[in-house]
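# Report on the structure
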Amino acid sequence: MTQSRIDATQTRPPLWRNVTFLKWATQIGVLVGLVVLAWILISTALRNLEAQGLSLDWDFLTDPVGIRLGEGIFTQPASGLEAFATAIVNMLRVTASGIIAATILGVLVGISRLSSNWLLSRSATAFVETIRNIPLLIQIVFWFFLMTLFFPTLEVDASGPAPGWLIVSRKGVSIPWLFPTEVFWQWFVFVAGGAWAARRVYRRRIELLEETGRETHPGRWALGTFVLIAGLGWFAHPIAGALGWLFALVAAVIAAIPDFAFQLLFAAVSIWLGARWIRRFLDSRRTPAGLARLTDDDYFRMGLAGVLGLAGAAVFVAIPQITSLITDVAHFVFAFLDQKFDFLRTGVPLRLGRPEVVVPGRFPQIGDTGMTMTPNFFGLWVGVTLYTAAFIAEIVRGGILAVPKGQTEAGMALGLKRSQVLRMIILPQAFRIILPPMGNQYLNLAKNTSLGIAIAYAELVQVGQTLFNQTGDTIQVFLIWMAFYLTVSLVLSSIVNWYNRRVKLVER
Amino acid sequence: MTVYVAPELKPPEPPPEARQLGAWVWLRKNLFNTWYNGVLTVVLAVGIVWGARGAFAFLLSPDRLWGVIPPNATNYAVDVYPRPELTRIWVTLAVVMVLVGLSSATWRPTGKTSWGTILAVVRATGVAAFAVGLLVPPTFVGRNPLLVGGAVLVLLGAVGIRAAGPAAREERLPMLGVLAGVLVLALVVIWLLPVAKTTKVPWTIEVLVLAAAHLVGRPLVRAVGEKTLKVVLSFLWVLSLPVIYLHLERKPVIPWEVVVSWLPWVLPVLVVGYLAILYASRAGRERAAALNALLVVAALAVWFVPSPMVVRLLMLVLVGFTLAAPTFASSGNGRRNFMVGWSGATFFLVYFVTLAVAETGLETQGDFLGGLNLTFLLALGGMLLSFPIGIMMALGRTSTMPIFRLLSTGYIEIVRGVPLITVLFFADKVVPRFLPPGLDFDGVVKAIIAIALFSGAYLAENVRGGLQSIPKGQYEAARALGMTTAQMTMLITLPQALRAVIPAIVGQVISLFKDTSLVAIIGLADFFRVARDIVPNQPASLGSQIENLVMAAVVYWIFTFSFSRASLRLERKLGVGTR
Amino acid sequence: MADNGKRDIIICEDVKKWFGDFQALRGISTRVYEQEVVVIIGPSGSGKSTWIRCINRLEVHQEGRIIVDGIELTSDVRNIEQIRSEVGMVFQQFNLFPHLTVMQNITLAQTWVRKRTKAEAEEKAMALLERVGIPEQAHKFPGQLSGGQQQRVAIARSLAMDPKIMLFDEPTSALDPEMIKEVLDVMKELAQSGMTMLVVTHEMGFAREVADRVIFMDQGQIVEEGTPEHFFTNPQHDRTKLFLSQIL
């Protein structure tokens, strides 16, 4: 090779032909365009708001509001914050009970679709095809109307099938329920401890079974442990009340430390997180031969992490309200826990409440002594449960079918029974395939609870709409919606991802 | 050790199962093969019979107001759309029919079926009808027709299968022919039943238009060539939506003086466009890039100087053309296509902006769009618009440019993290706050955009899955042939990615169709809202909520179920979706 | 009784099997005596795999009789389970359970079918892993092993059940050339230890060296069977000659 050729390849290209420069020029150009656009839009919005006598403040969260909610912890909220708290609790109630019910039903239907019994598999198919192909909104409204229009009317002397124990009416279904009393949380410490101990015992008995080969009844032992500790706690719970001192101490410490110390702490944590990310990133690029050549993309990532860390720190220092909000919440939580625990406070942890009909005005209502399911909750809950169950059923079926046929054959060739093959070989593998899409369905269920607005169930979107119809603060309400749903998505998907990583098959 | 040598090879024998399985062997094999399955079967059968009887007793009770449904048929279809102008809707439908007919002639679905399958469907329908007849309350007037009709169908199917023998299993009937047969049958039925003339005449015409378009399409394919026709039809499909919405479903009162006032602006831009494309496609890469940079600045600048909206939009389109020109228009053929494309784009943009600024001449109170008509418009519009969004975001998320990746990932994850209803509220209530006073879009347009923005994020994830499923060798081969990134994406990877995820995309379209019902919450009168609020609140049909809801559920179910069955066929034909 | 005085352990009489209209087995009749090593060769689609899969009822034959170790294969569940625990099978695609470690793969069926204690099962598993030459891999997952190692684990898994008969369904077809030898070595050692083996394979070297008998199948039937010397020096049937000329 001649000298001149080598020179030719070593000359730096002019800037307008440099790939890296062009790439970044395009990106920064687009970014600047977007920032300008956002600036125009925001200034327009501020002018519009001013013209209409509105502002971008958050006063509606603390100001008194004159709205009434259908159900929940505050049916007549004193402030926007209380209204949103109620809405969130209501939303989480439907989500949690919906996820449990949809999982059970969906798994049953999914397995039924693969049954060798023609009638069962066809019924399951019919269920899935019917539910999946009708808009969820119609289903929710249908169940709501079914209860409000066609259930029996509420009578004062509700005789019904089990007088005093069950009310079934257009205004809701009410059943007896065990309600926690003021000493419940003291007892709950024992329940949680019992569950933990039962888990330990269960594992120990399994180990024993594997070592000796004798039947050791791990399930019965675990149950016995749990019942023993929880039963003991029923009477011994006043001892756990001592925890109250601990919580009071923590609350006092939080209150004693000045806010600026927390501000500095959070700022430091923010910078530390950014730095840790950069360090880990560099570690991952380190090869035995030394640090790998970093691309401009890598520098961008590290730069972004650094900037985000610093920006977080700056936000914590510049806006003390954020820090005080966090410390206030923490102080509130510990002060609240302190109230729930009191050394040697006695009583029964659970109290039985039976449904009853009351007549506050001219018309009979269901009293709040039992556990009542309103038509709004019923419509939303049944709707999202059936809808999600149909999708879960398809996922379960697909997951089982996705396990290669050779796995069944190998199990059978070893002499395992069909049920053993299913339980020990097929299901554990199918579970790993099912998990990520199942997580997606849980997320969909959580988001679909927003359709409760169609039947006036007091969840976040419905309450938000009621609020902005009153105050005109649409932008703020929309930001609250977004923050909440994104948090729920983030939490649910991190749980699923964490679990998925734990059970993932080990590959080369 | 003995050695065995077969004297000669034995011929294959027919399988022993060729002997027909008796009905009761089937029962034993499928319902009573073990004791617990037997118990399960009995319990289930009792449960199903009990549940079905209860449901039918509820649905067919004399208290139900099924009578309110037929008189409201027009309301379900179009809501308050002015009745004297209904011809516009029929013309709209005819346009779609023409496109469907031409498309079916061009793409020629090749599915085949057999007499055996059709007869089995007939027999199964008969069994179902007979079973329903047994389960309905004895007082129901339709009971005897169901029993008799069911029995006749069962007999027809069974005798047909027996008579056809093994020939019944041959798959020789084209699906298209079967579909045509079903349509003719449906026409015969509506002419036999006491259906209003204003319904059956237009529907007959629509079907005839469909058939005519299909018949015209066949020689057209031969004359024009399949490939050209496919491209043209794809464009027509995309254009059909704005044409239908802006031109047919409103009564545009075109402000000619405004249009004329644009001309001194539009004509120079058109000429500048020709020259720019010519230069960009001929000059070297760097010079073209310099020209593009100038044009981008100019396109942004016109937004800040007073000029007609149409010019601002035209400049943006021109930038798109010149950016692509050096890569795709460097050959003579490509250059010609770009010139034609730029002329067409100018024409259609002026045409659409003209219509968009035109007032509607329809005399109604409030929104004139509603019913099933609106539902389909939302679904079609949302789908068409979500494709560019989804593809752009997918490309952004898989791009090597970190800022684009960050922006697309942020968009996708945020939109997928929130419910559709909040996006609809965003478009309906929040967006107007960010626009200059006086500039607000129609509720339908806002809903279409919101649905497209939402669906686009999900579509992007599907397309990304497709892009990631393409073997690395494809990228390397394209690079080795000297393609630029844009060429590689447009010609090699994106087409493969889209083909690989067709089933997922169809699933997304189905769920988009169901999701259009949410617009009822922000106050649009779509089919669901007509059935839920508008009809049951008429004085004549008070208290018919459940009847209306069941009717709506059945209608949605029929459409969704047929989509999903069609997509299943498509999936099998393409042999994809088994990733 | 076979002509050398050993007991017949597998008896097939006119076994027929259809997949839909296609007849996969057109009447297989043969006997396998104890400790015999039978290699089955033939073109693809000739019914080799179908036949040996019928022997532990992974496929169900529709006509004829199959008797394994004195037990006839019928739809009687107890017979099937008994035969499956006496007949080991090694698959082309290994079919190790990816969610269990190598050790768990080998001990699973021992504890649940043979009802051994964990200690016994693990001891047995370690002994077998030593025998197939990979004791150090015991606590890895199948996904971390090479193909040859996976197949050896699969052989150990089958042997752990103390089978009287081992079926091999193209055990080396999915392996890279350099891994074939390690699996064949294990199989040779097994044959020398006196295991009854039915092996479907394309490895003619293995057939020539180890087999007591070679069976050539085509179109769902046995075309020719005899000793390896007979086969590789003096094949009789035209189809056999054609097949051997194509692959040797």
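Residues numbered from 1 in each chain as written. Chains lettered and ligands numbered in written order. Predicted model: local features only at pLDDT ≥ 70, side-chain atom pairs only at ≥ 80, totals over all residues. Heavy atoms only, no water.

## Things to note about the overall build of chain B
Heads up, the condition is: Secondary structure elements are defined from DSSP: runs of H or I of at least 4 residues count as helices, runs of E of at least 2 residues count as strands, and each element is numbered from the N terminus. Accessible area is worked out with a 1.4 Å probe on protein chains only. A residue is then buried under 20% of its type maximum, exposed over 50%, and partly exposed in between. Every residue pair with non-hydrogen atoms within 4.5 Å of one another is taken to be in contact. For the area figures, the Shrake-Rupley method with a 1.4 Å probe applies, and any residue is considered shielded solely by the protein chains shown. Here the positive residues are Lys and Arg and the negative ones are Asp and Glu; neither His nor the chain ends is included. Where a charge lies is defined by one atom per residue type, namely NZ (Lys), CZ (Arg), CG (Asp) and CD (Glu).
Looking only at helices and strands, one finds 22 helices and 5 strands in chain B. Projected onto its principal axes, the C-alpha coordinates of chain B cover approximately 95 × 80 × 50 Å. Every one of the 579 residues in chain B was classed for burial, and the buried ones make up 39%. Once local pairs closer than 6 in sequence are excluded, the contacts in chain B between residues at least 24 apart make up 77%. For chain B, the exposed surface amounts to about 31,000 Å²; the carbon and sulfur share of it is 71%. For chain B, the distance from the average position of its 47 positive side-chain charges to the average position of its 27 negative side-chain charges is 8 Å.

## Observations regarding the interface of chain C and chain B
Convention followed: When two parts are brought into contact, each loses some accessible area as probed by a 1.4 Å sphere; the total of that loss over both is the buried area. In what follows, salt bridge is the name for a side-chain nitrogen of Lys or Arg lying within 4 Å of a carboxyl oxygen of Asp or Glu. Throughout this description, a polar contact denotes any pair of N or O atoms lying within 3.5 Å of each other; where both atoms belong to protein, one of them has to be capable of donating a hydrogen while the other can accept it, and for residues adjacent in sequence the pair is counted only when both atoms sit in side chains. Side-chain classes follow a simple rule in which Ala, Val, Leu, Ile, Met, Phe, Trp, Tyr, Cys and Pro form the nonpolar group, Asp, Glu, Lys and Arg form the charged group, and the remainder, Gly included, forms the polar group. Pairing between strands is defined by DSSP: at least two bridges between the two strands are required.
Opposite the 25 residues of chain C that make contact, chain B presents 16 residues. For the pair chain C and chain B, the summed buried area comes to about 1,700 Å², and 56% of that belongs to carbon and sulfur atoms. Joining chain C to chain B, the criterion identifies 1 salt bridge. In this structure, Glu 13 of chain B engages Lys 16 of chain C in a salt bridge whose closest nitrogen and oxygen atoms are separated by 3.0 Å. The tally of links from chain C across to chain B stands at 8 residue pairs in polar contact (both at pLDDT 80 or more). Of all elements in the fold, only β1 (8-19), β2 (22-33) and β10 (221-226) of chain C reach the threshold of two or more residues within the side of chain C that touches chain B. It is β10 of chain C that provides the largest number of residues to the side of chain C that touches chain B, a total of 6 residues. A per-class count over the side of chain C that touches chain B returns 3 nonpolar, 11 polar and 11 charged. Pairing of strand β1 (residues 4-5) of chain B with β10 of chain C, which is carried by 2 bridges, proceeds in the antiparallel orientation. Counted as the bridge partner of Val 5 of chain B is Glu 224 of chain C from β10 of chain C.

## Remarks on the domain arrangement of chain B
Residue and element names in this part refer to chain B. For the record, the criterion: Just so you know, the domain bounds were taken from an automatic or database domain assignment.
Splitting chain B by domain gives domain 1 (60-81 + 364-579), domain 2 (86-254) and domain 3 (257-353). On a C-alpha basis, the centres of domain 1 and domain 2 stand 24 Å from each other. Listed by partner, the interface residues are 16 residues for domain 1 and 18 residues for domain 2. Buried surface at the junction of domain 1 and domain 2, summed over both partners, amounts to about 1,400 Å²; 72% is from carbon and sulfur atoms. Broken down residue by residue, the surface that domain 1 buries against domain 2 is led by Leu 60, Tyr 81 and Arg 569, which jointly contribute 38%. For the pair domain 1 and domain 2, the interface holds 3 residue pairs in polar contact (both at pLDDT 80 or more). Breaking the side of domain 1 that touches domain 2 down by element, the ones donating at least two residues are α3 (73-78), α14 (371-397), α17 (443-469) and α22 (545-574).

## What to know about a positive patch on the surface
All names here are of chain A. We apply this condition: Put simply, a patch holds well-exposed residues, over 30% relative accessible area, that have no salt bridge, with like charges counted together within 9 Å and Val, Leu, Ile, Met, Phe, Trp or Tyr side chains within 5 Å.
Side chains of Arg 199, Arg 200, Arg 203 and Arg 502 sit close together on the surface and give a patch of like positive charge. With 3 residues, the top contributor of residues to the positive patch is helix α6 (residues 184-212). Take Arg 203: it is sitting in helix α6.

## Considering the environment of Asn 292 of chain B
All names here are of chain B. By the secondary structure assignment, Asn 292 is in helix α11 (residues 285-301). Along the primary structure Asn 292 and Thr 74 are separated by 218 residues, whereas in three dimensions their C-alpha atoms are 53 Å apart. Filtering out sequence-adjacent residues up to four positions away, Asn 292 remains in contact with Thr 322 and Leu 323.

## Let's talk about unusual backbone geometry
Residues and elements named next belong to chain C. Phi at Asp 14 takes a positive value of approximately 50°, unusual for a residue other than glycine. Its place among the elements puts Asp 14 in strand β1. The class of Asp 14 is partly exposed, set by a relative accessible area of 36%. For Gln 35, which is not a glycine, the phi torsion comes out positive at approximately 65°.

## Brief notes about the state of the cysteines
Residues and elements named next belong to chain C. In plain terms, the rule: Throughout, a disulfide means two cysteine sulfur atoms within 2.5 Å of one another.
A full pass over the atoms with the stated rule returns 0 disulfides over all chains. No disulfide involves Cys 12; its nearest neighbouring cysteine sulfur is the one of Cys 54, lying 8.4 Å away. Accessibility expressed as a relative area gives 0% for Cys 54, which makes it buried.

## Observations concerning the sheet that holds strand β2 (residues 172-175) of chain A
All names here are of chain A. Rule in force here: Fitting a line to C-alpha atoms yields each axis, with helices limited to the stretch in contact; the angle taken between N-to-C directions then spans 0 to 180 degrees.
Judged by pairing direction, the sheet is antiparallel, and its 3 strands sit side by side in the order β1-β2-β9 without closing on themselves. Each edge of the open sheet is held by one strand with a lone partner, namely β1 (167-169) and β9 (371-373). Strand-to-strand twist across the sheet, computed as the mean angle between neighbouring axes with direction ignored, equals 10°.

## Things to note about the interface of chain A and chain B
Each partner contributes to the interface: chain A provides 63 residues, whereas chain B provides 59 residues. The contact between chain A and chain B buries some 5,400 Å² in all, and 73% of this surface belongs to carbon and sulfur atoms. Looking at the side of chain A facing chain B, the largest losses of area belong to Gln 27, Asn 133 and Ile 138 of chain A, adding up to 11% of the total buried there. A salt bridge links Arg 405 of chain B to Asp 297 of chain A; the shortest N-O distance between them is 3.0 Å. Summed over the shared surface of chain A and chain B, the result is 19 residue pairs in polar contact (both at pLDDT 80 or more). The element that contributes the greatest number of residues to the side of chain A that touches chain B is helix α2 (residues 19-51) of chain A, accounting for 15 residues.

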